[in-house]
Amino acid sequence: MNNTAVWTAPEVERPDGSLTAPEAELLQGYLDFYRRTLLFKCAGLTAEQLAERPSPPSNLSLLGLIRHLTKVERIWFRIHFADGDPVEPLFAPELGKDADFELIDPADAQAAYEGLIAEWKLSDAAAAGRSLDERFTFRGTESTLRMIYIHMIGEYGRHCGHADLLREQLDGVTGA
């Protein structure tokens, strides 16, 4: 039996963030909370369960959400914002825009899970010490690091809602 197929997502602690911190700390705190909430929704599930698509015809799975959010973290923080070495997209463009949701394999669940956590660290490093007002150009329009945080909080919030529904369909577990 393939060892990675019996892997189970670990339990997760979610951080308590300040409600009165300065803006940069507040945004980072909310992003960290939603990042951990996604993993909280996966805790205790096997690789097979994470890869299951319990709501046909939707291609959504918890593993797909992990892969998607890894891709989105990379795109915003490292490809669009960071000034360092060029960073390749997580999925080759010729695989299509939904490769993160469609090309999943339970055998890859642990690596995808650990890859998301590693991408968080790289995203945080790309933004560390930078002003929320720092600008970059996205599709010919100026934007700011602040917009990335707001976008990512919304992205995680939306997908944590999806994760709620997927988890309930998989094993009946509900709640934040």
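Predicted model, so just to flag it, every value in this text is computed and none were measured.

**Notes on the pairing of strand E1 (residues 135–138)**
Where burial is concerned, the two faces of E1 differ: the one with Phe-136 and Phe-138 is buried and the one with Arg-135 and Thr-137 is not. Examined bridge by bridge, E1 and strand E2 (residues 141–144) share four bridges and lie antiparallel to one another. Bridge assignment links Arg-135 to a residue of E2, and that residue is Thr-144. Between E1 and the antiparallel strand that follows it, E2, lie two residues; Arg-139 among them carries a positive phi value of about 50°.

**Details of the environment of Pro-22**
In this fold, Pro-22 is placed in the segment before helix H1 (23–42). Pro-22 sits 133 residues away from Glu-155 along the chain, and the two C-alpha atoms are 22 Å apart.

**Notes on unusual backbone geometry**
A cis amide bond links Pro-56 to the next residue, Pro-57, at an omega of 10°. Positionally, Pro-57 belongs in the loop between helix H2 (47–51) and helix H3 (62–81). For Arg-139, which is not glycine, the phi torsion reads 50° and is therefore positive. Mapped onto the elements, Arg-139 comes out in the loop between E1 and E2.

**Quick notes on the packing of aromatic side chains**
Enumeration over the complete set of coordinates arrives at six aromatic pairs. Arranged with centres 5.6 Å apart and planes meeting at 75°, the rings of Phe-33 and Tyr-34 form a pair that is edge-to-face. What makes Phe-33 partly exposed here is its relative accessible area of 30%. Centre to centre, the rings of Phe-77 and Tyr-149 are 5.6 Å apart; their planes meet at 75°, and the pair counts as edge-to-face. Residue Phe-77 is located in helix H3, and its partner Tyr-149 is located in helix H6 (residues 145–171); the two are separated by 72 residues in the primary sequence. In textbook terms, an aromatic cluster arises when at least three aromatic residues are bridged by ring pairs, as seen for Trp-76, Phe-81, Phe-136 and Phe-138.

**Overview of the state of the cysteines**
Per the stated rule, a full pass over the model turns up zero disulfides. Not part of a disulfide, Cys-42 finds its nearest cysteine sulfur in Cys-160, a span of 9.0 Å. The exposure class of Cys-160 is buried, given its relative accessible area of 5%.

**Some remarks on the confidence of the model for the protein chain**
Mean pLDDT over the protein chain stands at 94; residues scoring 70 or higher make up 97%. Confidence scores differ between elements of the protein chain, with E1 showing the lowest mean pLDDT of 92 and helix H5 (residues 109–127) the highest of 98. Every residue in residues 1–5 is under pLDDT 50, and counting partners more than four places away or in other chains gives eight contacts.

How each quantity is defined
Residues numbered from 1 in each chain as written. Predicted model: local features only at pLDDT ≥ 70, side-chain atom pairs only at ≥ 80, totals over all residues. Heavy atoms only, no water. Buried < 20%, exposed > 50% of the residue type's maximum accessible area, 1.4 Å probe, protein only. Helix = DSSP H or I, 4+ residues; strand = E, 2+ residues; numbered from the N terminus. Pairing = 2+ DSSP bridges. Phe/Tyr/Trp six-rings, centres within 6.5 Å; stacked < 30°, edge-to-face > 60°. Disulfide = S-S within 2.5 Å. pLDDT = per-residue confidence, 0-100. Contact = heavy atoms within 4.5 Å.

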